[in-house]
Amino acid sequence: MLFLIGLVIVIGSVLYGYVMSHGNLLALWQPFEILIICGSAFGAFLLSNPWHVVVECFRLTPQVIMGSKVNKAMYMDVLGLIYDILNKARREGIMAIEADVESPASSAVFSRYPAIQANEELAHFIADYFRIIAAGNLTSFELEALMDQEIDARLHELELPGNAVGKVADALPGFGIVAAVLGIVITMGAIGGEVSEIGAHVAAALVGTFSGVFLAYGIVGPVSAVMRHLAEEEIKLYEASKSCIIASLNGLPPQLAVEFGRKSLFTHGRPSFTEVESKVRGR
């Protein structure tokens, strides 16, 4: 919703200011200039990115418009899931969680948290490290180093869509200049015509420059920034999971281990100590 409000303000401010300065809105309607700019930018986007990044950009579009899926409820689910796994391992032994971590999709513990099951990468991240703990004899330092490597790789992967869209934003002013230059070429071809005709061609060329800059800084650039924010919010789920697991491996009981994870979350969405305590005690 905030994205839509901002978009309306950006477009409305520019157009309203233009009209109030006695501008003619129809003069800004240059569909072939828009075709040159947007078509070239989209083609360059496809040229410069692998298919999975292109798909991910479109997959993120609903979240860009409606907001991130990562919220307090998601944070609570992550902390609750890890508490349940740690508590089960403590009561029944580490081998009791083997079936859960081998197949998160069919696990009774994971099924309590459908939002995490739907996020397969996160579910497998959590399951994989409990599987390593159950099967191996790694120290907390070794496991933490391994988790940091995977989190860094995952963050890089999550940032790819935002970076790809950001490069499009950087290129749009250049494509606007391309459209303007082509407009000037057309103007030169009509140099012997009526002054009004030449003026219309020059105006069309200038609209190309305006469109490229406006799209870059008013729409595509902010979309890129939102995608980067989405990546930062999702990676916090991984960092919170890591903090819980490492704290547990260092000998802390499940309830205290979960508190380590809670403290690693952003404050704007972090559940309170009481909220987490109520959730885990309910289990």
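These numbers come from a predicted model, not from an experiment.

1. Some details on the packing of aromatic side chains
Two aromatic rings, taken as a pair, are described by how far apart their centres are and by the angle between their planes.
Move 1: Counted by the stated rule, this structure contains 4 aromatic pairs.
Move 2: Ring pairs connect the aromatic residues Phe125, Tyr129 and Tyr238, which therefore count as one cluster.
Move 3: Here the guanidinium or amino end of Lys236 rests over the ring plane of Phe266, the centre of that ring lying 5.1 Å away.

2. Overview of the UniProt feature "transmembrane region" (unreviewed entry) in the chain
Move 1: Using the residue numbers shown here, the UniProt feature "transmembrane region" (unreviewed entry) corresponds to residues 27-47, 171-192 and 198-220.
Move 2: With 81% helix and 0% strand, residues 27-47 has its two end C-alpha atoms placed 32 Å apart.

3. Notes on the pattern of salt bridges
Move 1: Within this structure, the stated rule accounts for 13 salt bridges.
Move 2: Ionic pairing is found between Arg262 and Glu259, a salt bridge with its closest N-O pair at 2.7 Å. Of this pair, Arg262 and Glu259 both sit in helix H10 (residues 254-263), 3 residues apart, which is roughly one turn of that helix.

4. Re the nonpolar core
Move 1: One finds Leu81, Ile85, Ile116, Leu122, Ile126 and Phe130 to be the most contacted residues of the largest nonpolar core, which totals 43 residues.
Move 2: Sorting elements by how many residues they give to this core places helix H4 (residues 72-92) first, with 11 residues.
Move 3: In this structure, Ile126 is in contact with Leu81, Ile82, Ile85, Phe110 and Ser241, ignoring residues within four places of it in sequence.
Move 4: If you look at the next biggest cluster of nonpolar residues, it comprises 21 residues, including Ile37, Val64, Leu215 and Leu230.

5. Looking at the packing of H4 against H10
Move 1: Interaxial distance between H4 and H10 falls to 9 Å at its minimum, and their mutual angle equals 155°. Comparing the axis directions of H4 and H10 gives the class roughly antiparallel. For the pair H4 and H10, the crossing hand works out as right-handed. Across from Leu79, Tyr83, Leu86, Asn87 and Arg90 in H4, the residues of H10 making contact are Pro254, Gln255, Ala257, Val258, Gly261 and Arg262.

6. Examining empty space enclosed by the protein
Move 1: Here the structure, examined in full by the defined rule, presents 1 cavity of 30 Å³ or more.
Move 2: A volume near 50 Å³ is recorded for the largest cavity.
Move 3: As for the largest cavity, its lining consists of Gln255, Val258, Glu259, Phe273, Val276, Glu277 and Val280.
Move 4: Sorting the residues of the lining of the largest cavity by element identifies H10 and helix H11 (273-282) as the ones contributing at least two each.
Move 5: Top element by residues in the lining of the largest cavity is H11. It accounts for 4 residues.

7. Here's the deal with a nonpolar patch on the surface
Move 1: A grouping of Ile11, Val14, Leu15, Val19, Leu25 and Phe210 is seen on the molecular surface, where their side chains present a nonpolar patch of about 410 Å² in accessible area.
Move 2: The leading source of residues in the nonpolar patch is helix H1 (residues 2-20), at 4 residues.
Move 3: Looking at the secondary structure, you find Ile11 in helix H1.

8. Things to note about the side chain of Glu234
Move 1: Here Glu234 lies in helix H9 (residues 195-249).
Move 2: Given the relative accessible area of 15%, Glu234 is considered buried.
Move 3: The contact partners of Glu234, leaving out residues within four places of it in the chain, are Val70, Asn119, Arg154 and Leu158.

9. Remarks on helix H7 (residues 120-135)
Move 1: Counted at 1.5 Å a residue, the expected span for H7 with its 16 residues is 22 Å, and the 22 Å between its end C-alpha atoms agrees.
Move 2: Those residues of H7 that sit buried are Leu122, Ala123, Phe125, Ile126, Ala127, Tyr129 and Phe130.
Move 3: Tucked into the core, H7 has its buried residues touching H4, helix H5 (98-102), helix H6 (114-118), helix H8 (140-189) and H9.

Analysis parameters
- Residues numbered from 1 in each chain as written.
- Predicted model: local features only at pLDDT ≥ 70, side-chain atom pairs only at ≥ 80, totals over all residues.
- Heavy atoms only, no water.
- Phe/Tyr/Trp six-rings, centres within 6.5 Å; stacked < 30°, edge-to-face > 60°.
- Lys NZ or Arg CZ within 6 Å of the ring centre and 35° of its normal.
- UniProt positions renumbered as here; feature names shortened; annotations may be inferred.
- Helix = DSSP H or I, 4+ residues; strand = E, 2+ residues; numbered from the N terminus.
- Salt bridge = Lys/Arg side-chain N within 4 Å of Asp/Glu carboxyl O.
- Core = buried A, V, L, I, M, F, W, Y, C linked by side-chain atoms within 4.5 Å.
- Buried < 20%, exposed > 50% of the residue type's maximum accessible area, 1.4 Å probe, protein only.
- Contact = heavy atoms within 4.5 Å.
- Axes fitted to C-alpha atoms, helices over the stretch in contact; angles between N-to-C directions.
- Parallel < 35°, antiparallel > 145°, perpendicular 65-115°, else oblique.
- Left-handed = near helix turned anticlockwise from the far one by under 90°.
- 1 Å grid on protein atoms, 1.4 Å probe; cavity = no way out; pocket = protein on both sides within 12 Å on 5 of 7 lines; lining within 4 Å.
- Points joined across faces, edges and corners; volume = space filled by probe spheres on them.
- Patch = residues over 30% accessible without salt bridge, like charges linked within 9 Å, V, L, I, M, F, W, Y side chains within 5 Å.
- Areas by Shrake-Rupley, 256 points an atom, 1.4 Å probe, with all protein chains shown as cover.
- Expected span 1.5 Å × (residues − 1).

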